[in-house]
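# Inside the fold
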Amino acid sequence: MEDAAMEPGAQQQPTMPAGEPAATAGAAAPAATATAAAEAQSLDDLAALLRDLRRRHAREQRDSQLTYRELAQRTGWSQAAIAEYFTARTLPPTDRFDALAEVLGAAPAERRALADARDRVEENQRRAKQGRNAGADNESGSRTSLLPTPLPAPLPSVTVGPRQLPADSALFTGRDDELARLLAAAGGAGAAGQPGAVVTCAIGGMGGVGKTALAVHAAHRLAERFPDGQLFLDLYGFSDNRAPRDPGDALAALLHSLGVPPQRIPADLDARAALYRDRLAGTRTLLVLDNAADEAQVAPLLPAAATCLVLVTSRRRLAALDDAVPVPLDVLPPEEAVAILRRAARYDSHPADDALWHQAAELCGRLPLALVIAAALLRTGGKAWNLRRLLDRLAARRAGDELAGYTDESRSLTAMFDVSYQTLAEQERLLFRRLSLLAGSQLDAHAAAALLDTDLETADLLVQRLADHSLLISVSPGRYRIHDLVHAHARTAADSCAEHGCEAAHGRLLDYYQHTAQRAGSLIDRVPRSEPRGNAPRHAPPLPDQEAAHLWLRTERADLESAFDDALCHGAGASVVGLAAGLAQIMNADGPWPRALALHEAALAAAEQLDDRPGQANALSDLGRVRRLSGDLAGADEALTRALRLYRDLGHRRGEAGALVDLGRVRTLIDDPSDGEAALAQALALYRGLDDRLGQATALAELGGARYVAGDFAGAADDLTEALTRYQDLDHRLGQAIALTELGRVRSFLGDLPGATDALSRALDLFGDLGQRQGQATTLTELGRVRQLTGDFTGSADALVHALQLYRDLGHRYGQAFALTELGVVRQATRDYAGAADAFNQSLRIYRALGIRGNEAYTLNHYAALLLATGECARALDLYRQALGMHRELNKPDDEGHSLEGIGECELARGDTGQGTKHLRLALEIFQRLNMRSDVDRVLSRLGKIRTLVYATSSPTSSPTSSPDARPTRRTP
């Protein structure tokens, strides 16, 4: 974001404001505290009581006051929350206020009085709010005339939308006219008679003037009026080290925030914009587009819904946005600039110093960013700093200013950053210069330790000190962001210093990223991966389990990708290979798969250039997986076959086994189960030779799936049960979930419907805990099928509709087709024949487009059963015969049995009892051979009824139809 010092959420120094109320001065005895509590009426009074207790605790228990960090450790709350309580920004909840009083040593009588005071303040606030609401309609005057009329009630929202607004800042000052204009404009959002006229406000002004702060402050004021979501996106229009965000990339980021999975985001800009407008249609959503480059960048990002509000910030006047309400910002008026400087500095000065405050504000250009940084020098410098020293330092200038463009004649943001830099200790300066090596925008103590080659505690302390100087902005516990302008100044400082060791520091940072990412990826992958390559960092996060690994990868992903791009740009081939390997697992899970394909293709090229054959094998293996996920089964087979040859040439048995697992899965999906089963059997043998328990579990699970597809249900059940036991022994929850899903499917075909339901329900819970939507979709599809077999058609339809939506959100066409087929079966069973036909036709179109012939034939069996049920015997017989030929060609005996059963029913419907019974008996032989108990029982029952009819009549007069219980099998993706 552009205006970092006034950026909401910037860290504030937790020191006591000067000028405490007289009632709390000095050490208060318990009786005095109780008396002061009885007189407390406001939030300021309450905060003063807490500070009084804190000082008293210091005098009685220790030499210094408990810091906010110490209080956070004792209470388990954040430092930010504690600061809010002690500085009268927030009323503590009852339980927290009571706990604070106890931690600070309040006596029982004091705690009762303090609790009463807290409740009194809350009641006073409630009454004051009621009074303001009651008198709002009677207010008048030139300023309040700009305020908006009450906004319409929020539209009902089915789901909770994104809440991306950064935290507001307590230092926000003034801007009354501009804020009123924004609030008034927002009143038009959703107004009648303006279909499609989205309300847009363009906040303009120079860098550092507070555009972002105003937009975020106004957005928080308006948030409750836009319950469907508040989006925030930095467009990097004026970022020194980043090109302006491409409109297509911006749309992709916004669509992802709106819940669209990467796989469903179109490649074309116009298609992305159309999908984006469709997602926002009819919603009350607030959008903040920060730091825009120009109108062309913004225009595709504007919703079409009149119910939405867009706040855009830019240094340029966006004149071509004809419908936008312009809200230009200038520097702050002198008094407001001084007010921010004083409030942020919390510096106790004499009235005679007023002129010096004004001089300091002018040297800061009255820019909020510069004002807050300058104030931090006074606030944290102690006795070594006063106003005159600040003025002397602010007036200094030097050559080699990388931010020379950020000036307005005599004022410069570089002056502000340089003053902060000059006050740092040498190690702090070194870290600041090393920040120039960051490719991304965030870091933690581990990254800082790599940059400095120091211990973790020292790095953590140095990072915190830079944050105290407003050179870093805290974004989450232990994590900080460097603003793009500060980043630029770090590069200027590094260039001017020309120190040795930068190249080594850069290498250590890349080693930290790639090594830790590979270690995290190994924890979450079901297929054992090679040991992390490259130099291990001195310090890395512990990553004790899969949950921690997922969290680290998702937190660091943007910086990992930036490091990859940086390595690729600078020709650091080994780091390109290592970082792509580290990103593989999280990109497989979260996408976007086109980006993952590009990473692995670049890694393969880099490994080939380096003649790094293990790196080539790993890159090909990862490339094959992503190709499978994206539907390119032929490309996946090609890449994995190459990887397999390389691993064998290298004698890398674990890599060979992993390639065989992935290759077996691919060949099973392309209707080559015998080859798939053979590859998986080889993988299992290799893992057993290596005594690799995770590899054995995964190979067994995949082998069970392949045997299920081939119709060997008993063998599949044995393999999957063993795989599940091994995953449980390893506490590998993802593996357990996958094995349970496969086992549930197999049990259903063996007639054990209660056992199938139990396994699938357990799998669904595990996938939900892991946030694995594809696994949830697959399991819901199977659960819907089992519920249909038990006669629970409503529950079946609910599960299948949910699965279909998940597959659509994921852009998983294979899964959509499978869910549609099962949904068609349920609709047929409930006599919704038109709906069933529509579902089958959609499924067939997808399977044919993907070239999945086995599942196409599977769906043809069901479609033929529907036609037979609706009296179209000739068409049904034709489809059954088509399916029979495909099943025999693909060696699918279970599905072949269902086709034969269907043909038998068609012949019976045509009156040919001989041919009908013949085909039913052929089906029965297959079902008995495969131990498909429910199918055996069904066909035997049907043959018994036919014999009865033959004895009762001279010729068959019934019109038999295919049983809805006939269940061809297919393996879901």
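See the structure printed just above.
Here we summarise the structure given alongside this text. (Residues numbered from 1 in each chain as written. Predicted model: local features only at pLDDT ≥ 70, side-chain atom pairs only at ≥ 80, totals over all residues. Heavy atoms only, no water.)

In this section: the packing of helix α35 (residues 813-829) against helix α37 (residues 853-869). The N-to-C vectors of α35 and α37 enclose an angle of 20 degrees; their axes lie 10 Å apart at closest approach. One way to sum up the angle between α35 and α37 is to call them roughly parallel. When you trace α35 past α37, the crossing you get is left-handed. Contacts between α35 and α37 involve Tyr 814, Phe 818, Thr 821, Glu 822, Val 825 and Gln 828 from the first element and Asn 855, Tyr 858, Thr 859, His 862, Ala 865, Leu 866 and Ala 869 from the second. Of the residues contributing to the contact of α35 with α37, the split by class is seven nonpolar, five polar and one charged. (Axes fitted to C-alpha atoms, helices over the stretch in contact; angles between N-to-C directions. Helix = DSSP H or I, 4+ residues; strand = E, 2+ residues; numbered from the N terminus. Parallel < 35°, antiparallel > 145°, perpendicular 65-115°, else oblique. Left-handed = near helix turned anticlockwise from the far one by under 90°. Contact = heavy atoms within 4.5 Å. Nonpolar A, V, L, I, M, F, W, Y, C, P; charged D, E, K, R; others polar.)

Once that is clear, we can look at the environment of Pro 544. Summarising the element assignment, Pro 544 is placed in the loop between α21 (502-524) and α22 (546-569). Of the residues examined, Pro 544 reaches a relative accessible area of 67% and is grouped as exposed. Sequence spacing of Pro 544 and Ala 520 is 24 residues, and the spatial spacing of their C-alpha atoms is 9.5 Å. (Buried < 20%, exposed > 50% of the residue type's maximum accessible area, 1.4 Å probe, protein only.)

Attention now moves to the sheet that holds strand β7 (residues 473-476). Taking strand neighbours across the sheet as the criterion, the three strands line up as β6-β8-β7 in an open arrangement whose pairing is antiparallel. What marks the edges here is a single partner per strand, and that holds for β6 (442-444) and β7. Taking the axes of each pair of neighbouring strands and ignoring which way they run, one obtains an average angle of 40 degrees across the sheet. Here β7 runs beside strand β8 (residues 479-481); their pairing, made up of three bridges, is antiparallel. Note on β8: the bridge partner recorded for Ser 474 is Tyr 480. (Pairing = 2+ DSSP bridges.)

Turning our eyes to something else, we now look at the packing of aromatic side chains. Under the criterion given, the structure shown has nine aromatic pairs. Summarising the aromatic geometry, the rings of Tyr 512 and Tyr 513 are spaced 5.3 Å apart at their centres and angled 45 degrees between planes, so their arrangement reads as tilted. When its relative accessible area of 3% is taken as the criterion, Tyr 513 is described as buried. Centre to centre, the rings of Tyr 708 and Phe 713 are 5.8 Å apart; their planes meet at 45 degrees, and the pair counts as tilted. For the pair shown, Tyr 708 and Phe 713 are each scored as buried. Aromatic ring contacts, followed pair by pair, group Tyr 512, Tyr 513 and Trp 552 into a single cluster. In this structure, Arg 54 packs its charged tip against the face of Phe 86, placed 5.5 Å from the ring centre. The ring of Tyr 421 carries the charged tip of Arg 429 above its face, separated from the ring centre by 5.6 Å. (Phe/Tyr/Trp six-rings, centres within 6.5 Å; stacked < 30°, edge-to-face > 60°. Lys NZ or Arg CZ within 6 Å of the ring centre and 35° of its normal.)

Looking now at the sheet that holds strand β1 (residues 199-204). Strand order in this open sheet of five strands is β2-β3-β4-β1-β5, and the pairing throughout is parallel. Two strands close off the open sheet at either side, each with one partner strand: β2 (229-234) and β5 (325-328). For this sheet, the mean inter-axis angle between neighbouring strands, taken without regard to orientation, is 15 degrees. Across four bridges, β1 lies against β5 in parallel orientation. Looking at β5, one finds that Ala 202 is bridged to Pro 326.

What follows concerns the side chain of Gln 297. Tracing the backbone shows Gln 297 in helix α11 (residues 295-298). On the basis of relative accessibility, which here comes to 4%, the residue Gln 297 falls in the buried class.

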